[in-house]
Amino acid sequence: MVVKNATVCDVNGQREVDIRIEEGVVIEIDTDLHCDETIDAAGLYFLPLLVDTNVRVQDSSLNAKNIKDLSDEALAGGIGHIVLNAQSTPAIDNEIVLEFAQNGLHDLKGAKVDLMLNALKEDNTLSNIAILLKRGAVVPYMSTIAKNDVAIKIAQYTQMYGVTLFCKAEDNSLINSGVMLEGDVSSKLGLAGIPDLSEVLHVSRMIEIARHFNIKILFKAIASPRSVLLIDKAKKEGVNVTCEVSIHHLSNSDEACKNFNTTAKLNPPLSSKEDMQFLQEALRAGKIDILTTLHQPSSPLNKEVAFYDAAYGCEGLKDAVSVYYTKLVKSGIISMQELVSLCVKNPSKAIGQSAGEIKVGERVNAMLFNPDKKVVMDEKLSLYCGEELYGKIEQIFN
């Protein structure tokens, strides 16, 4: 098969070339290639499939069906590799649950699925990180509800095994008392707010742990501008920390919670409009390393209730590439090449893998993306439901 006249875009930039594919492998990249089986891709992007390291299964309920459904949905949305968030039910904090989850990975025909381990057990004591890493978990995950002595032990294991620590910065005493960002919108709605200090305080703490132990930390789903500044400053000082932000926090503010819209009840909570604009500028300036759909689907039973009682999260996999393209690329915030780095190269690097380059000899994990076609988001529990988006996936090669 030859894909002709495509605009190949990967971490190396854009070029208009033909791609010869045989048995799922890129055999040749050149101009004026010929074959009996040809796809004319003029005007289309040939892009690597995306990687997302922060997604959850339905209602965070860990079972084989939910994993399969998630894998299929991810691939249909242009995401070829996902890492399940460790905060599931049951949590991946012991060998039995890890093996149970791994059994659900057999014979998947959608996106590749990897598992992270929860470094904290339900009682906030340390899980068996060494065993879980040896048995196939790709990275450890911790919430900063961990006490200092436990956090230090987790850092030592991270140092020992040379992996990246996925860290959710949050303060247990503050997140339990609120349901959205503390600010003008929460006051008008009469809802208890969560101060952004809940995140900032613990980002600062974990930066110092990363500095002391010389470990890699990826801060998951950052929402506060102050956190981004602290992480960026630490990077310039040589601390090995990186920053992940969700597309929702880049394109929505806490105003989306008006009328008690439970689809906008996210963890971390959506920021103010000013903070959202700051995050966009931070992305433009290269201060954000990784993007995520923060896909956290819930049954209507858990969403169509009072805001206070509703589950956190929204859906984000359907038309994910179209959302990224519309909100970030077409709007001029970043280029398509930068999107590939943020959504393929950097998240892969965080789990010790390499992706984002389309080259001869590699398996083809790519898509043909038409930037001129429009789609209407019809996913009910998506923040973009009813919106007209730019870009449509024409074909997936996997």
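Here is what the cut-offs are and how they apply
- Each residue is numbered by its place in its chain's sequence as written, counting from 1.
- pLDDT decides what is reported in this predicted model: residues at 70 or higher carry local features, side-chain atom pairs at 80 or more are listed and counted, and totals for whole chains, interfaces and linings draw on all residues regardless.
- Side-chain metrics in this entry use all non-hydrogen atoms of the structure; hydrogen atoms and water are not considered.
- Any two strands are treated as partners once DSSP identifies two or more bridges connecting them.
- Note on conventions: DSSP H or I runs of at least 4 residues are helices, E runs of at least 2 residues are strands, and numbering of each starts at the N terminus.
- The contact definition used throughout considers only heavy atoms, calling two residues in contact when any of these lie within 4.5 Å.
- Axis angles are defined between N-to-C directions and span 0 to 180 degrees, where every axis is a line fitted to C-alpha atoms and, for a helix, only to the segment in contact.
- Centre distance within 6.5 Å is the pairing criterion for rings of Phe, Tyr and Trp, where only the six-membered ring of Trp is used; planes under 30 degrees apart are then read as stacked, over 60 as edge-to-face, and the remainder as tilted.
- Only protein chains enter the area calculation, which uses a 1.4 Å probe; residues under 20% of their type maximum are buried, those over 50% are exposed, and those in between are partly exposed.
- Placement of a positive charge over a ring is assigned whenever Lys NZ or Arg CZ falls within 6 Å of the ring centre and within 35 degrees of the normal to the ring plane.
- To estimate how far a helix should reach, multiply one less than its number of residues by 1.5 Å.
- The arc in question is the one spanned by the directions pointing from the helix axis to the C-beta atoms.

A.B. asks: Could you give an account of the sheet that holds strand β9 (residues 117-118), naming the residues involved and the relevant values?
C.D. replies: Strands sit in the order β9-β10-β11-β14-β15-β16 across an open sheet of six strands; the sheet is parallel. The outermost strands of the open sheet, each flanked by one partner alone, are β9 and β16 (290-292). Here three bridges tie strand β15 (residues 241-246) to β16, and the two strands are oriented parallel to one another. Within β16, the position partnered with S246 by the bridge is T292. Sheet strands touched by helix α7 (residues 197-213): β10 (140-143), β11 (164-168), β14 (216-219) and β15. Its angle to β14, the strand with the most contacts, is close to 160 degrees.

A.B. asks: I'd love a proper account of the packing of aromatic side chains, names of residues and values included.
C.D. replies: Each aromatic ring pair is described using two quantities: the centre-to-centre distance and the angle formed by the ring planes. All chains considered together, the criterion is met by two aromatic pairs. Measuring from centroid to centroid gives 5.6 Å for F46 and F397, while their planes differ by 50 degrees, and the two rings are tilted. Taken as a pair, F46 in strand β5 (residues 45-48) and F397 in strand β18 (residues 388-397) lie far apart in primary sequence, 351 residues in all. This pair shows no difference in class: F46 is buried, exactly as F397 is. Relative to F369, the ring of Y325 lies with its centre 5.4 Å away and its plane at 65 degrees, an arrangement referred to as edge-to-face. Residue Y325 is found in helix α12 (residues 320-329), and its partner F369 is found in strand β17 (residues 366-376); the two are separated by 44 residues along the sequence. Against the face of Y312 rests K265, its NZ or CZ located 4.6 Å from the ring centre.

A.B. asks: How would you summarise unusual backbone geometry if you had to cite specific residues and measurements?
C.D. replies: Here the bond from T89 into P90 is cis, since omega is 0 degrees, no more than 30 degrees from zero. Considering the arrangement of structural elements, one finds P90 in the loop between β7 (79-84) and α2 (95-103). The omega torsion of the bond from N267 to P268 falls at 5 degrees, within 30 degrees of zero and hence cis. Relative to the elements of secondary structure, P268 occurs in the loop between α9 (247-251) and α10 (273-284). Positive phi, close to 55 degrees, is recorded for S60, a residue that is not glycine. Note on placement: S60 falls in the loop between β6 (50-55) and α1 (64-76). For S60, a relative accessible area of 12% puts it in the buried group. Residues other than glycine seldom take positive phi values, yet N124 does so here, at roughly 70 degrees. Note that N124 resides in the loop between β9 and α3 (129-134).

A.B. asks: Quick rundown of α10? Include the residues and the values.
C.D. replies: If you check α10, its first and last C-alpha atoms are 17 Å apart, about what 12 residues at 1.5 Å a residue would give, namely 16 Å. For α10, every residue scored as buried is listed here: M276, L279, Q280, A282 and L283. The buried residues of α10 occupy one face: seen down the axis, they fall within an arc of 160 degrees. Against the buried residues of α10 lie α8 (225-236), β15, α9, β16, α12 and α13 (336-350). Backbone geometry just after α10 places G286 at a positive phi near 80 degrees.

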